[in-house]
Amino acid sequence: MTRAILASNHFKLGLFSSNCSGGMAVTKIPERWSAGWEDNLRMAQVADEVGIDFLLPIARWIGYKGDTNFHGAVLDPVTWAAGLLAVTKNINIFATIHTAFNHPLSVAKQMATLDHIGGGRAGLNIVAGWNQPEYEAFGLDLPQSHDDRYALAQEWWDIIRRAWTDPEIFDHNGEFFQLQHVESMPKPVEGILPIINAGSSTQGRGFAARNSDFVFTSVMGPEDGKTIVEGLKEQARRDHARDMGVFTFSHVVCRETKREADEYLHYYAEENADWGAVDYLMKLQGLHAQSFTKEMLAAFRPRFAAGHGGVPLIGTPDDVAAEIKRYHDAGFAGMTLAFVDYVSELEYFAQEVLPRLEAMGIRSPAKAVVAA
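Counting of residues starts from 1 at the beginning of each chain's written sequence and follows it residue by residue. Totals for whole chains, interfaces and linings use all residues, but because this is a predicted model, local features are given only for residues with pLDDT of at least 70 and pairs of side-chain atoms are given and counted only at 80 or more. Computation of side-chain values covers all heavy atoms of the structure but excludes hydrogens and water.

S.K.: So what exactly am I meant to see when it comes to the packing of aromatic side chains here?
M.R.: The relative placement of two aromatic rings is captured by the distance of their centres and the angle of their planes. Side-chain rings of Phe, Tyr and Trp (the six-membered ring for Trp) are treated as a pair once their centres are within 6.5 Å; stacked means planes under 30 degrees apart, edge-to-face means over 60, and tilted covers the remaining angles. Inspection of every chain in the model, using the stated rule, returns 19 aromatic pairs. Relative to Tyr342, the ring of Trp33 has its centre 5.0 Å away and its plane inclined at 55 degrees; by these criteria the two rings are tilted. Here the residue Trp33 occupies a position in the loop between β1 (12–16) and α2 (37–50), and Tyr342 occupies one in the loop between β11 (334–337) and α14 (344–352), the gap between them amounting to 309 residues. Only protein chains enter the area calculation, which uses a 1.4 Å probe; residues under 20% of their type maximum are buried, those over 50% are exposed, and those in between are partly exposed. Take Tyr342: its relative accessible area is 0%, and that puts it in the buried class. Arranged with centres 5.8 Å apart and planes meeting at 50 degrees, the rings of Tyr150 and Phe207 form a pair that is tilted. Residue Tyr150 is found in helix α6 (residues 146–165), and its partner Phe207 is found in helix α7 (residues 202–211); the two are separated by 57 residues along the sequence. The way it works is that DSSP assigns letters per residue, a run of H or I at least four long becomes a helix, a run of E at least two long becomes a strand, and they are numbered from the N terminus.

If you want it as structure tokens, here you go:
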């Protein structure tokens, strides 16, 4: 069996953060994304039907304050993935799991189970941790050193990978885990699940170069993105003799006219932005994460309101398709999309933008992807 997300070489598109209230839009508008189960179910079914490649959730336990407590209501990524894998046929669905909050043997069992539910369509997004208030909620200390966080993540992942591949009972004596007579069945459907991690820090990129099929990174745009992609891929080849794809993330406002798109962006991300949540989120990112440089954080306040700091895809279907192609041409293997409404706006995107990407030769038609 060849997993579709690894076999396909077209430009991959995924949906990000639909399991979180607000999605990626830090807005107070009453019609903001609820992240309720019925909404997620409909979103997944539409995405599956139109040929979106994957779904990627966020794992959160505490909201970002402000008037809306952005991301205060979040569906658990593992059980969310289980439910959606059971009712879809083709789309790949990742579960996002924090290494500090989840024992590797439990995760190995959970993820193998997901893979069987989906017939080989599960994937794992590994998070080494950055959000200090969530560590406090769990009664844990956030290691201030990125080296320490990723040392734990590496040992955690080594255990899971062995649990998935070793047919024998084994012991593990490491720095963070001491395990005896370990056995783990069932194994995933075939081999190791696709792995993704966010890698904007030096340590995160090093972890990705060693372990991941895809690294998820923030960029200013396709220009600096090209340099980042080249550096990441070269690091994987040089240090580990392997290849990996690079993703970035976006927020989309696609309308029939540019004026309509700009007006809607202004409506939800300026007139009705939840600036309290934006500023709290940006403060946490600056204190404990290295996903964004200081220069990005200084310039990105409007982008955080519009889409959590992701790159903007704003305008007509022609505008949005042309901008996506710029990321393809910069060497990215794909990107995630976020909408204020992940159902109606996705339907319009599928109807108007996906055919344009197919005509450009950077996406295969949905039926061809399913057949592959």
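S.K.: What exactly am I supposed to notice about the packing of α7 against helix α8 (residues 222–240) here?
M.R.: The relative placement of two packed helices is expressed as an angle between their axes plus a distance between the axes. Angles here are taken between N-to-C directions and fall from 0 to 180 degrees, while the axes themselves are lines fitted to C-alpha atoms, restricted in helices to the stretch in contact. The interhelical angle for the contact between α7 and α8, taken along N-to-C directions, is 55 degrees, at an axis separation of 8 Å. Judged by the angle between their axes, α7 and α8 are oblique. α7 and α8 meet at a crossing whose hand is right-handed. Together, Arg205, Gly206, Ala209 and Arg210 of α7 and Ile228, Leu232, Gln235, Ala236 and His240 of α8 make up the contact between the two elements. Here the contact of α7 with α8 is built from residues that sort into 4 nonpolar, 3 polar and 2 charged. Orientation labels follow simple angle bins: below 35 degrees gives roughly parallel, above 145 gives roughly antiparallel, 65 to 115 gives roughly perpendicular, and whatever is left gives oblique. Crossing chirality is assigned from the near helix's rotation relative to the far helix, an anticlockwise turn below a right angle marking it left-handed and a clockwise turn marking it right-handed. Here, two residues are considered to be in contact whenever any of their heavy atoms come within 4.5 Å of each other. Only Asp, Glu, Lys and Arg are considered charged, only Ala, Val, Leu, Ile, Met, Phe, Trp, Tyr, Cys and Pro nonpolar, and every remaining residue, Gly among them, polar.

S.K.: What should I look at first to understand the pattern of salt bridges in this one?
M.R.: Opposite charge on two side chains permits pairing when their charged atoms draw close. The rule for a salt bridge is simple: a side-chain nitrogen of Lys or Arg has to be within 4 Å of a carboxyl oxygen of Asp or Glu. Summed over the entire model, instances satisfying the criterion amount to 20 salt bridges. For Arg162, the salt bridge goes to Asp166, with nearest N and O atoms at 2.9 Å. One salt bridge in this structure joins Lys226 and Glu230, with 2.6 Å as the shortest N-O distance. With Lys226 and Glu230 both in helix α8 and 4 residues apart, this pair spans about one turn of that helix. One salt-bridge network, held together by shared partners, links Glu223, Glu323 and Arg326.

S.K.: I tried to follow a nonpolar patch on the surface on my own but got confused; where do I start?
M.R.: Patch members must show over 30% relative accessible area and no salt bridge, and they are joined within 9 Å when carrying like charges or within 5 Å when they are nonpolar side chains of Val, Leu, Ile, Met, Phe, Trp or Tyr. The Shrake-Rupley method, run with a 1.4 Å probe sphere, supplies the accessible areas, and residue values consider only the shown protein chains as cover. Residues Trp61, Phe138 and Leu140 make up a contiguous nonpolar surface patch of roughly 270 Å² in combined accessible area. By the element assignment, Phe138 lies in the loop between α5 (132–137) and α6.

S.K.: Whenever I open this one, the pairing of β11 confuses me. Can you help?
M.R.: Residues in a regular strand point their side chains to alternate faces of the sheet. The side-chain alternation of β11 yields two buried faces, one formed by Gly334 and Thr336 and the other by Met335 and Leu337. Note that β1 and β11 share 4 bridges and pair parallel. When the bridges of β11 are listed, Leu13 appears paired with Met335. One ladder, built from 3 bridges, connects strand β9 (residues 245–254) with β11; its direction is parallel. Paired with Thr248 across the two strands is Met335, which belongs to β11. Pairing between strands requires that DSSP locate at least two bridges from one strand to the other.

S.K.: Where do I start with unusual backbone geometry in this structure?
M.R.: When glycine is set aside, most residues are seen to have a negative phi, and most peptide bonds are trans. Going from Met185 to Pro186, the amide bond is cis rather than trans, its omega being 0 degrees. Note that Pro186 resides in the loop between β6 (178–182) and β7 (195–198). Positioned with a positive phi, Asn69 is a non-glycine residue whose angle comes to about 50 degrees. Structurally, Asn69 can be placed in the loop between β2 (54–56) and α3 (77–87). At His71, a position not held by glycine, the phi torsion is positive, near 60 degrees. Mapping His71 onto the fold places it in the loop between β2 and α3.

S.K.: What is the right way to read the packing of α2 against α3 from this model?
M.R.: Where α2 meets α3, the axes come as close as 10 Å, and the angle between the chain directions of the two elements is 45 degrees. Accordingly, the angle class assigned to the pair α2 and α3 is oblique. At the point where α2 passes α3, the crossing takes the right-handed sense. Where α2 approaches α3, its residues Trp37, Asn40, Leu41, Met43 and Ala44 are matched on the opposing element by Trp80, Gly83, Leu84 and Val87. Partitioning the contact of α2 with α3 into residue classes produces 7 nonpolar, 2 polar and no charged.

S.K.: Is there a simple way to explain the pairing of strand β4 (residues 122–127) in this structure?
M.R.: Most of β4 is tucked away, with 6 of its 6 residues classed as buried. Of the two faces of β4, the one lined by Ala122, Leu124 and Ile126 and the one lined by Gly123, Asn125 and Val127 are each fully buried. Bridge count for strand β3 (residues 92–98) against β4 is 6 bridges, and the pairing is parallel. What sits directly across from Thr96, in β4, is Asn125. As for the winding sense of the linkage, the β-α-β connection from β3 through helix α4 (residues 104–117) to β4 is right-handed. Two elements, β4 and β7, share 3 bridges in a ladder whose sense is parallel. Crossover handedness is defined by viewing with both strands directed away from the observer: a clockwise path from the first strand over the helix to the second marks the crossover as right-handed.

S.K.: What is the right way to look at the nonpolar core in this model?
M.R.: Side chains of nonpolar character tend, in soluble globular proteins, to be buried together. Take the buried Ala, Val, Leu, Ile, Met, Phe, Trp, Tyr and Cys residues and link them wherever side-chain atoms come within 4.5 Å; each set so joined is a nonpolar core. Counting 93 residues, the largest nonpolar core has Leu55, Ile324 and Phe349 as the members making the most contacts within it. Ranked by residues supplied to this core, first place goes to α6 with 9 residues. Ranked by size, the runner-up nonpolar core spans 24 residues in total, among them Leu265, Met282, Ala305 and Ala306.

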